[in-house]
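Here is what each chain is made of, one letter per residue.
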Amino acid sequence: MEALLLGLGTGTSCLLYCGPVIVPYLLAEGGSLKKSFLDISLFLGSRFIAYMILAIVASLMGNSLFTTEIYRSILTGAAYIILSTTLIIYSFFRIKHVCKARKYSDILSNIPYKWTQSVPVVAGFVTGLSICPPLLLAFAGAASKQSIQDSMIFFLFFFLGTSVYFFPLAFLGLTQRKNVIHIIGKIAAGLAGVIYFIKGVLLISNIT
Amino acid sequence: MKSDKVKLPPYTTAGKFWKSLLICLPMIFITFFFLTGGEPDFSDTTNSIAFILVFLFLNFLFFKIIYTGKTDKFRATGFILFAVFLSLVFITNMVETREGMSFSSADLLECNIPFCHIVITMILIPIVFTNSIIFPGSILDGFAPVSTMLILWILASIALGKGFCSWGCFYGGWDDGFSRIRKKPLVKNINTIFRWFPFAVLLLVALSAAMTLTPTYCEWACPFKTVTEFEAVTSTETLIKTIIFLLLFLGLVIVLPILTKKRIQCGMFCPMGALTSFTNKVNPFDVRIDKEKCKDCGICEIKCPILSLDPTSIEKGKTHFVCSKCGKCIDACPNQAIHYHIKGTPVNKRNTTARTLFVFSGFLFLAIFSGGTFQMGIIRIINILTTGSFF
Ligand code: SF4
Ligand code: SF4
């Protein structure tokens, strides 16, 4: 119950943290409500896996993990760089609009379209592992549990509490003027990729 | 049905000296009031010289806009000089009060950072979610307080729509100026997809500011930090930020505008430009094309500095909703087919009233925003010439 309330209470903040990653993707993909729900489910599903890993680690290592330099800098930094690469490649994937970019787009278009489904999966996993204030609270809560099962249950309820805020995002895919929104979403995904790349490099070089 | 030879109607008050002067009278009174603060005091020579020069300069520009029927050249003269003078005054202010262009962590903590209108793109979501303004500037007092800037921006948006970006913005004059340096562009046919870039930047800036509760664009991506103020370089992170500011200014404000003759920063990057585009929807003025007169020559499309015209929009007789109402296309059209227009009135008619009302509103904002800055700049220039010091 405590975890569910924590999730519900901090869910909006979670939404804001993951927004820059998932919102451009949903806008760019557009599509039906069903497709958007599927994308969000993939995002949340992989985030859930990340949480379960964290639950196990929390119960094995206690609260100290988040304070270790390795986790804060290297792992999170590397995760950001993987995410940024995914977003940048996605932004160039099958663009028909910009002549110069089409060259790269053509190379990428040999990759099956299904590939784009991995964007929410990677994004969900990486954002699930990255440190944000709600996750820090959840981690502390899970670390205080006696067993791995309790810790996992704690994270499960935290996940459920935060997830309810994500599903309304599915309606973003239904916006009018699909072509324009698709373009803006793709550009935003690429720019978000650049931002996460810089963040990742800064973290790894332990600047921030 | 297009006729081969179009008889050009007299536009506005072009060539009519006394009528133009009469139209300029309200501007003359208003600028006098604003520049003197309602209390004329000519006891100080330097201040008086600054006042007279600025008063004459602003009213000369407005008179030329009315008298010649040409908008862009005179608007741009005031707009570009405003940007340059703002940086001059800002930097010299910083040197006077903080002995340099950088601010310290103490200034941040004490909320001593002047508020700039671009920050509006970042404060809206946090205001809704947290009821707080995520900017280290003062709300009510000091130099450029948050409340004054918000009110001015709202007023300018209602009156001008995105015209704010060509008549009121403090920085737009920089890339407007650099985009005019070459006679012909070296890079042509820029894809209109780039007009959507600012909207993507806006989306990210708004989300990331909401996520971190910090003005992320100001901290990481504002090219104009280069010509105003920036965080003191005390760490590798601040060094990287400073390098980003310099590179963005060099690329988006200087090099690309020179090469393309487009306002790259304003039309293809600035999140404030994107946000302000939406105000074009509620603003009474727009720019329309008279399809009877248009010969589809495409000159307006080439001239538009922010990709607001393309064959589709010309075909529809409208500018795109990102139009900043600069008037460049209106002046350039050889067939006088483009005109300022008041929504809801007939389109196929060059409407003198619509133009006069719009250029009056636009120029009024330019004069009010820039007047004090011009005066202060001139005082600083006189000081440096006569005493060797700005102060
Ligand atoms: S410059 Fe004038 S005539 Fe030429 S396409 Fe534009 S509106 Fe038509
Ligand atoms: S369409 Fe005309 S008025 Fe609008 S921004 Fe372009 S040149 Fe300026």
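Please read all numbers here as calculations on a predicted model, not as lab measurements. (Residues numbered from 1 in each chain as written. Chains lettered and ligands numbered in written order. Predicted model: local features only at pLDDT ≥ 70, side-chain atom pairs only at ≥ 80, totals over all residues. Heavy atoms only, no water.)

## Details of the packing of aromatic side chains
Residue and element names in this part refer to chain B.
And then number 1: Taken as a whole, this structure holds 40 aromatic pairs over all chains when the rule is applied.
And then number 2: Judged by centre distance (6.2 Å) and plane angle (80°), the rings of Phe-17 and Tyr-67 are edge-to-face. Taken together, the residues Phe-17 in helix α1 (residues 17-36) and Tyr-67 in helix α2 (residues 45-68) connect sequence positions 50 residues apart.
And then number 3: Assessed through its relative accessible area of 27%, Tyr-67 is described here as partly exposed.
And then number 4: With a centroid separation of 5.8 Å and an interplanar angle of 85°, the aromatic rings of Trp-167 and Phe-358 are classed as edge-to-face. Note that Trp-167 is positioned in helix α7 (residues 164-167) and Phe-358 in helix α17 (residues 352-387), a separation of 191 residues in sequence. (Phe/Tyr/Trp six-rings, centres within 6.5 Å; stacked < 30°, edge-to-face > 60°. Helix = DSSP H or I, 4+ residues; strand = E, 2+ residues; numbered from the N terminus. Buried < 20%, exposed > 50% of the residue type's maximum accessible area, 1.4 Å probe, protein only.)

## Here we look at helix α11 (residues 236-260) of chain B
Residues and elements named next belong to chain B.
And then number 1: Across its 25 residues, α11 extends 34 Å between first and last C-alpha, which sits within 8% of the 36 Å expected from 1.5 Å per residue.
And then number 2: Bending of α11 peaks at approximately 30° at the position of Gly-251.
And then number 3: Lys-261 sits one or two positions beyond α11 and adopts a positive phi of about 60°. (Expected span 1.5 Å × (residues − 1). Bend = angle between axes of the 7 residues up to and from the residue.)

## Thoughts on the pairing of strand β4 (residues 338-342) of chain B
Residue and element names in this part refer to chain B.
And then number 1: Counting buried residues in β4 gives four out of five residues, a clear majority hidden from the surface.
And then number 2: Here five bridges tie strand β3 (residues 285-289) to β4, and the two strands are oriented antiparallel to one another. Its bridge partner lying in β4, Phe-285 is registered against Ile-342. (Pairing = 2+ DSSP bridges.)

## Some remarks on the nonpolar core
And then number 1: Within the largest apolar cluster, 140 residues are counted, with the highest numbers of intra-cluster contacts made by Phe155(A) and Phe363(B).
And then number 2: Sorting elements by how many residues they give to this core places α17(B) first, with 13 residues.
And then number 3: Beyond its immediate stretch of four places on either side in the chain, Phe363(B) contacts Met27(B), Leu58(B), Leu61(B), Phe62(B), Ile65(B) and Trp167(B). (Core = buried A, V, L, I, M, F, W, Y, C linked by side-chain atoms within 4.5 Å. Contact = heavy atoms within 4.5 Å.)

## What about the site of ligand 1?
And then number 1: Cys294(B), Cys297(B), Gly298(B), Cys300(B) and Cys333(B) are the nearest of the 13 residues found near ligand 1.
And then number 2: Within the shell around ligand 1, the residues separate by chemical class into nine nonpolar, two polar and two charged. (Near = heavy atom within 4 Å. Nonpolar A, V, L, I, M, F, W, Y, C, P; charged D, E, K, R; others polar.)

## Brief notes about the site of ligand 2
And then number 1: Residues in contact with ligand 2 amount to 13 residues; listed here are only the nearest, Cys304(B), Cys323(B), Ser324(B), Cys326(B) and Cys329(B).
And then number 2: Considered class by class, the residues forming the shell around ligand 2 number seven nonpolar, four polar and two charged.

## What to know about the packing of α1(B) against α2(B)
All names here are of chain B.
And then number 1: α2 packs onto α1 with a crossing angle of 150° between their chain directions and a minimal axis gap of 9 Å. Judged on the interaxial angle alone, α2 and α1 are roughly antiparallel. Helix-helix and strand crossings are classified by hand; for α1 and α2 the assignment is right-handed. Across the interface between the two elements, Phe-17, Ser-20, Leu-21, Ile-23, Cys-24, Met-27, Ile-28, Thr-31, Phe-32, Leu-35 and Thr-36 from α1 touch Phe-51, Val-54, Phe-55, Leu-58, Asn-59, Phe-62, Phe-63, Ile-66 and Tyr-67 from α2.
And then number 2: Broken down by class, the residue content of the contact of α1 with α2 amounts to 16 nonpolar, four polar and no charged. (Axes fitted to C-alpha atoms, helices over the stretch in contact; angles between N-to-C directions. Parallel < 35°, antiparallel > 145°, perpendicular 65-115°, else oblique. Left-handed = near helix turned anticlockwise from the far one by under 90°.)

## Some remarks on the domain arrangement of chain B
Residues and elements named next belong to chain B.
And then number 1: In terms of domain boundaries, chain B breaks down into domain 1 (11-96 + 351-391), domain 2 (101-283) and domain 3 (284-349).
And then number 2: The C-alpha centroid of domain 3 is placed 28 Å from the C-alpha centroid of domain 1.
And then number 3: The interface is formed by 14 residues belonging to domain 1 together with 13 residues belonging to domain 3.
And then number 4: For the pair domain 1 and domain 3, the summed buried surface comes to about 1200 Å²; carbon and sulfur atoms form 62% of the total.
And then number 5: Summed over the shared surface of domain 1 and domain 3, the number is zero salt bridges.
And then number 6: Linking domain 1 to domain 3 there are four residue pairs in polar contact (both at pLDDT 80 or more).
And then number 7: Contributions of two or more residues to the side of domain 1 that touches domain 3 are made by α3 (72-98) and α17. (Domains from an automatic or database assignment. Buried area = accessible area lost by both parts, 1.4 Å probe. Salt bridge = Lys/Arg side-chain N within 4 Å of Asp/Glu carboxyl O. Polar contact = N/O pair within 3.5 Å; in protein donor to acceptor, adjacent residues only side chain to side chain.)

## Some thoughts on unusual backbone geometry
All names here are of chain B.
And then number 1: Despite not being glycine, Asp-296 shows a phi value in the positive range, around 55°.
And then number 2: Along the chain, Asp-296 falls in the loop between β3 and α14 (299-303).
And then number 3: Classification of Asp-296 as partly exposed rests on a relative accessible area of 44%.
And then number 4: Positive phi, close to 55°, is recorded for Leu-307, a residue that is not glycine.

## So, the pattern of salt bridges
All names here are of chain B.
And then number 1: Using the criterion set out here, one finds ten salt bridges over all chains in the structure.
And then number 2: In this structure, Asp-72 and Arg-75 form a salt bridge, with 2.8 Å as the shortest nitrogen-oxygen distance. Highlighted residues: Asp-72 and Arg-75, both in helix α3, separated by three residues, approximately one helical turn.
And then number 3: On the basis of relative accessible area, Arg-75 is assigned to the buried category, the value being 1%.
And then number 4: Its relative accessible area of 6% is what places Asp-72 among the buried residues.
And then number 5: Here the salt bridges share partners, and the residues they tie into one network are Asp-72, Arg-75, Asp-176 and Arg-180.

## Examining a nonpolar patch on the surface
Residues and elements named next belong to chain B.
And then number 1: A cluster of nonpolar side chains, Val-233, Leu-239, Ile-243, Leu-247, Leu-250 and Val-255, forms an exposed patch at the surface whose accessible area comes to about 510 Å².
And then number 2: Locating Val-255 in the fold gives a position in helix α11.
And then number 3: Assessed through its relative accessible area of 38%, Val-255 is described here as partly exposed. (Patch = residues over 30% accessible without salt bridge, like charges linked within 9 Å, V, L, I, M, F, W, Y side chains within 5 Å. Areas by Shrake-Rupley, 256 points an atom, 1.4 Å probe, with all protein chains shown as cover.)

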